[in-house]
Amino acid sequence: MLQMITWLDKNFSSLQPTRAIIMRALRHLRPADRKKLFSEDIPEMRTAEGRWFEAIVYEMILDLSLQTDLVLSVVARGADGPAKVRRAQLGQNGLFYSNIGDVKVRGNGQDLAEVDLVLVDHTGALTFGEIITSPADLKEFEAEIRYKKQLFGYLYGQPTVPFLLISSVDISRTAVVRRLLKEPDNILLTTPTCEDLKALIRQRDLKRSPTRRVKHEKLVSIKDIPPRRPFDYKKLHDERLQSIISTVTSKKGVGELGTPDEIPPIVKKVLFGGLYPSAVRMLDARYPIRIKGKTYDPDTIQKQFSKVILAVNIPDYRPIIYLRTRNKKEYLKMVPNKTGGFKFESRRTPHMAGFFLWLESVQPSLGAELTRELLDAFPAVHVLESVAERKP
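Residues numbered from 1 in each chain as written. Predicted model: local features only at pLDDT ≥ 70, side-chain atom pairs only at ≥ 80, totals over all residues. Heavy atoms only, no water.

Undergrad: Please explain the overall build of the chain as it appears in this structure.
TA: A count of helices and strands for the chain gives 13 helices and 17 strands. Taking all 392 residues of the chain together, 53% fall into the buried category. Sequence-distant contacts, at least 24 apart, represent 67% of the contacts inside the chain between residues at least 6 apart. As displayed, the chain has an accessible area near 19000 Å², and 51% of this comes from carbon and sulfur atoms. (Helix = DSSP H or I, 4+ residues; strand = E, 2+ residues; numbered from the N terminus. Buried < 20%, exposed > 50% of the residue type's maximum accessible area, 1.4 Å probe, protein only. Contact = heavy atoms within 4.5 Å. Areas by Shrake-Rupley, 256 points an atom, 1.4 Å probe, with all protein chains shown as cover.)

Undergrad: Got a minute to help me understand the packing of aromatic side chains in this structure?
TA: Aromatic ring pairs are reported here in terms of the distance separating the ring centres and the angle at which the planes meet. Summed over all chains, the structure comprises 11 aromatic pairs. On the numbers, 6.4 Å between centres and 20° between planes, the contact of Phe 152 with Tyr 156 is stacked. With Phe 152 and Tyr 156 both in helix 5 (residues 141-156) and four residues apart, the pair spans about one turn of that helix. Residues Phe 152 and Tyr 156 agree in their burial class; the two are buried. (Phe/Tyr/Trp six-rings, centres within 6.5 Å; stacked < 30°, edge-to-face > 60°.)

Undergrad: Is there a simple way to think about the sheet that holds strand 13 (residues 305-313) in this case?
TA: In sheet architecture, strand pairing relies on hydrogen bonds along the backbone and comes in two forms, parallel and antiparallel. Taken together, the eight strands give an open sheet; going across it, the order is 12-11-16-15-14-13-10-17, and neighbouring strands pair in mixed fashion. Since the sheet does not close on itself, it has two edges, and those belong to strand 12 (294-296) and strand 17 (364-366), each with one partner. Along the sheet, successive strands turn relative to each other by an average axial angle of 40°, direction set aside. As paired elements, strand 11 (residues 289-291) and strand 12 share three bridges and run antiparallel to each other. Residue pairing for strand 12: Ile 291 is matched across the bridge by Lys 294. Lying on the sheet, helix 11 (residues 353-361) is in contact with strand 10 (269-275), strand 13, strand 14 (318-325), strand 15 (331-336) and strand 16 (342-348); it crosses strand 10 at an angle near 35°. (Pairing = 2+ DSSP bridges. Axes fitted to C-alpha atoms, helices over the stretch in contact; angles between N-to-C directions.)

Undergrad: Got a minute to help me understand the pairing of strand 1 (residues 71-75) in this structure?
TA: The two faces of a sheet get side chains in turn, since along a regular strand they alternate between them. Counting buried residues in strand 1 gives four out of five residues, a clear majority hidden from the surface. Pairing geometry for strand 1 and strand 5 (residues 117-121), over three bridges, is antiparallel. Note on strand 5: the bridge partner recorded for Val 74 is Leu 119.

Undergrad: I'm lost on the pattern of salt bridges in this one. Help?
TA: As enumerated under the stated definition, the model contains 28 salt bridges in all. Taken together, the shared-partner salt bridges connect Arg 24, Arg 27, Glu 59, Asp 63 and Asp 80 into one network. (Salt bridge = Lys/Arg side-chain N within 4 Å of Asp/Glu carboxyl O.)

Undergrad: Is there a simple way to explain the packing of helix 9 (residues 277-286) against helix 12 (residues 368-377) in this structure?
TA: A pair of packed helices can be characterised by two numbers: the angle between their axes and the separation between those axes. Direction vectors running N to C along helix 9 and helix 12 enclose 40°, while the axes themselves pass 8 Å from each other. Helix 12 is crossed by helix 9, and the crossing has right-handed handedness. Here Ser 278, Ala 279, Met 282, Leu 283 and Arg 286 of helix 9 come into contact with helix 12, specifically with Ala 368, Thr 371, Arg 372, Leu 375 and Asp 376. When grouped by side-chain class, the residues that make up the contact of helix 9 with helix 12 number five nonpolar, two polar and three charged. (Left-handed = near helix turned anticlockwise from the far one by under 90°. Nonpolar A, V, L, I, M, F, W, Y, C, P; charged D, E, K, R; others polar.)

Undergrad: Looking at this structure, I do not really get the sheet that holds strand 8 (residues 186-190). What am I missing?
TA: Ordered in space as 8-7-6-5-1-9, the six strands form an open sheet in which the pairing is mixed. The two strands at the open ends of the sheet, each matched to only one other strand, are strand 8 and strand 9 (219-220). Both strand 1 and strand 9 contribute to a ladder of two bridges, which runs parallel. Across the sheet, Val 75 pairs through a bridge with Val 220, a residue of strand 9. Its contacts with the sheet place helix 1 (residues 3-11) against strand 1, strand 5, strand 6 (126-132), strand 7 (163-167) and strand 8, and it is angled at close to 25° to strand 8. Against the sheet, helix 5 touches strand 6, strand 7 and strand 8, its axis set at about 155° to strand 6.

Undergrad: Please clarify how the confidence of the model for the chain should be interpreted in this entry.
TA: Low pLDDT means the predicted atomic positions in that stretch should not be read closely. When pLDDT is averaged along the chain, the result is 90; 95% of the residues meet or exceed 70. A low-confidence stretch, residues 381-392 (pLDDT under 50), is modelled with 21 contacts involving residues beyond four sequence positions or located in other chains. (pLDDT = per-residue confidence, 0-100.)

Undergrad: Would you take a moment to explain the side chain of Lys 149 for this structure?
TA: Examined against the element boundaries, Lys 149 turns out to sit in helix 5. Polar side-chain contacts of Lys 149 include one of 3.0 Å to the side chain of Asp 185. Not counting residues within four places of it along the chain, the set of residues in contact with Lys 149 comprises Phe 128, Val 161, Pro 162, Phe 163, Glu 183, Asp 185 and Asn 186. (Polar contact = N/O pair within 3.5 Å; in protein donor to acceptor, adjacent residues only side chain to side chain.)

Undergrad: Help me understand the nonpolar core, please; the structure alone is not making it clear to me.
TA: Generally speaking, soluble globular proteins have nonpolar side chains that are buried together. Ile 244 and Phe 272 are the most contacted members of the largest nonpolar core, which totals 121 residues. Per-element accounting of this core gives the leading share, 11 residues, to helix 4 (residues 42-65). Each of domain 1 (1-224) and domain 2 (233-381) contributes no fewer than three residues to this core. (Core = buried A, V, L, I, M, F, W, Y, C linked by side-chain atoms within 4.5 Å. Domains from an automatic or database assignment.)

Undergrad: Could you clarify how one ought to interpret unusual backbone geometry in this entry?
TA: Of all residues except glycine, most have a negative phi; of all peptide bonds, most are trans. For the bond from Ile 314 to Pro 315, the omega torsion is 15°, close enough to zero to count as cis. Following the sequence through the fold, Pro 315 ends up in the loop between strand 13 and strand 14. Positive phi, normally seen in glycine, also occurs at Asn 108, with a value near 55°. You can see Asn 108 is positioned in the loop between strand 3 (103-107) and strand 4 (110-115). By relative accessible area, which is 7% here, Asn 108 ends up buried. The backbone of Tyr 317 sits at a positive phi, close to 55°, despite the residue not being glycine.

Given below as structure tokens:
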């Protein structure tokens, strides 16, 4: 299983990204993104540059795959993805393409993971890759990679899931990467910097209309490698939900929440349900809701929000509150703060199609007592309680 990534580790540097390769990579960018490659707006330019670099690496891998039988196939992405894609909907499980050709794993319509590169080796084993242009986004990267390994290992019945990390900057000395590289099934590949790659083209080159699709003997669709273990994510989610409630109400203690069991470890967020008014009052009394410095009382919450949902992230069991705004199609994501309560972090809108639909389907089901028991069981809340108790 590791022969392919060992070969790539030894041979990747032999293929330098030429002008022809990086020009070919432009076919994966929409016209608006191509224009932003030389934009003076730095955030816009970096975003377009990141997508372009992903495409460059993909084109390099396509060329390299022809040099060895160890790479059986390369999963199509970007412009090589399907012209029409399936929109996210509840009950949807498996691997799908986004509207710009990204490969996503969905569970009950929710995007569980996105991968930049997927390869199949000569044994039929799947390998995934992540492509980055900056060491600044590594804070949650390690946990993300470990989750994807679990997820693909479960879906494809692989005890080992090799991982390729491809970077345009040297990140080999960062703590996260050093830990990942201690494992024999992970490798790091490095290319010239984006600045060096961009020096091979001129702004006027972007006006050319690149070929949209290419024929390649090793290209396959993600639909050509369906999971060996079909899954019902909602069913697994509900099993995890019931196991948490059972543990909490049986007073087994916080330490029991993370005890290994027979439920596959691919559910990373549990939506317990909507809160009844009594639960909203209890929540606000114990853990005040604050949005942009303003504290909301229960009456204000009921007036401005049509739904209050309790959720928890796994495996850290960090609680989350989602507030459904009455006058907009959006949910406010509230997370624990350091002063005892919940603070506004971000919004969830219809743009996050599958997850938004799931939130919309949640109905009130939690009373004050069960909501309190759940919150009191989560480690993050114990920290909040100790802080709140010290307040004068």
